[in-house]
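Below are the chains, spelled out letter by letter.
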Amino acid sequence: MQLCQVCNAKPVRVGRGECASCVSRKARDSALARKVCQGCGKSPLFSKKYCSDCAERMRRTSKKRRTAALKSGLCGSCFKNPKWICSKYNCESCVEKKWARRGIVMTCGEYALRLEQQGGQCLLAELASLGSKCSKGELFAEHDHVGGFVRGLVCHNHNVGIAKIGDCEAGARIVLQYFVDTNPKNQNFQLSQLAYVM
């Protein structure tokens, strides 16, 4: 068996001295160097790889494929596995990969267990009595962005709210001190007087 002259690892294509991946890499690199579309090889580039016609055709094709997969109960990312019961669009494998990319240390089994422990609702649902509404839909893994550990499952509204105050204890203390300082009833009140605070 003859090996590729470029990568020296894979067997060559018939009639060439290079493997299939090296041939396609060369074509892609030459297309980028010539600033032509990798889809049709003619038009000037619209994005990094494709002209506007090819980019639109690819977008429509992938959208149709994703819609068909979701209608048939398959994952909208890999188009192979069935959708996970706790996600609108993805299978367990794709959800866990997405979490890993975001630094979230959790499995789908742990998510399901936490969801059951929380009664299927947002961990901060008690804030609804104060006027903070929980958003409908799936619950998000609210996590520490440094350590990656999950603090709880919260709705989209509360997840964004936590992120906006800095996603840390110091941010929560500053916000709490702001409320204490701006309340006319608490003019001489200090945050240190709150024994239960963090």
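Structure's up top.
The present account deals with the structure reproduced in this document. (Residues numbered from 1 in each chain as written. Predicted model: local features only at pLDDT ≥ 70, side-chain atom pairs only at ≥ 80, totals over all residues. Heavy atoms only, no water.)

On to the overall build of the protein. Secondary structure assignment for the protein yields 6 helices and 2 strands. Sequence-ordered secondary structure for the protein, helices as α and strands as β, is α-α-α-α-β-β-α-α. When each of the 198 residues of the protein is scored for burial, the buried share is 25%. Sequence separation of at least 24 residues holds for 25% of the intrachain contacts in the protein that already meet a minimum separation of 6. Carbon and sulfur atoms form 55% of the exposed surface of the protein, whose accessible area is close to 14,000 Å². (Helix = DSSP H or I, 4+ residues; strand = E, 2+ residues; numbered from the N terminus. Buried < 20%, exposed > 50% of the residue type's maximum accessible area, 1.4 Å probe, protein only. Contact = heavy atoms within 4.5 Å. Areas by Shrake-Rupley, 256 points an atom, 1.4 Å probe, with all protein chains shown as cover.)

With that out of the way, let us pick up the nonpolar core. One recurring pattern in soluble globular proteins is that nonpolar side chains are buried together. Residues W84, W99, M106 and Y111 are the most contacted members of the largest nonpolar core, which totals 15 residues. Where this core is concerned, the elements lending two or more residues are helix 3 (92-102), helix 4 (108-117) and strand 2 (150-154). Ranked by the residues each element gives to this core, the list is headed by strand 2, at 3 residues. Dropping the residues within four chain positions of it, Y111 is found in contact with W84, C86, W99, M106, L139 and L153. (Core = buried A, V, L, I, M, F, W, Y, C linked by side-chain atoms within 4.5 Å.)

Taken together, R65, K80, K97, R101 and R102 make up a surface patch of like positive charges. No other element matches the 3 residues that helix 3 contributes to the positive patch. Here R101 shows up in helix 3. Judged by its relative accessible area of 66%, R101 is exposed. (Patch = residues over 30% accessible without salt bridge, like charges linked within 9 Å, V, L, I, M, F, W, Y side chains within 5 Å. Salt bridge = Lys/Arg side-chain N within 4 Å of Asp/Glu carboxyl O. Lys, Arg positive; Asp, Glu negative; His and termini not counted. Charge placed at Lys NZ, Arg CZ, Asp CG, Glu CD.)

With that settled, the discussion passes to the pattern of salt bridges. Under the criterion given, the structure shown has 3 salt bridges. Put simply, R151 and E142 hold a salt bridge, and the shortest N to O gap is 2.8 Å. The partly exposed category is assigned to R151, whose relative accessible area is 33%. Between R173 and E169 there is a salt bridge, with its nearest N and O atoms 3.2 Å apart. Of this pair, R173 and E169 both sit in helix 6 (residues 169-182), separated by 4 residues, roughly a single helical turn. Linked by salt bridges that have partners in common, E142, D144 and R151 make up one network.

Glancing now at the packing of aromatic side chains. This structure, assessed with the given rule, holds 4 aromatic pairs. Judged by centre distance (6.1 Å) and plane angle (85°), the ring pair of W84 and W99 falls under edge-to-face. With W84 in the loop between helix 2 (52-71) and helix 3 and W99 in helix 3, this pair connects stretches of sequence that are 15 residues apart. Residue classification places W84 among the buried positions, given a relative accessible area of 8%. For the ring pair W84 and Y111, a centre distance of 5.2 Å and an interplane angle of 65° mean the geometry is edge-to-face. (Phe/Tyr/Trp six-rings, centres within 6.5 Å; stacked < 30°, edge-to-face > 60°.)

Before going further, it helps to spend a moment on helix 3. When we look at burial in helix 3, the residues that qualify are C94, V95 and W99. Taken end-on, helix 3 shows its buried residues confined to a sector of 140°, consistent with a single buried face. Turned more than 90 degrees off the buried face of helix 3, the exposed positions are K97, A100 and R101. Buried-residue contacts for helix 3 involve helix 4. Of the residues one or two after helix 3, G103 is the one with positive phi, at around 85°. (Arc of directions from axis to C-beta.)

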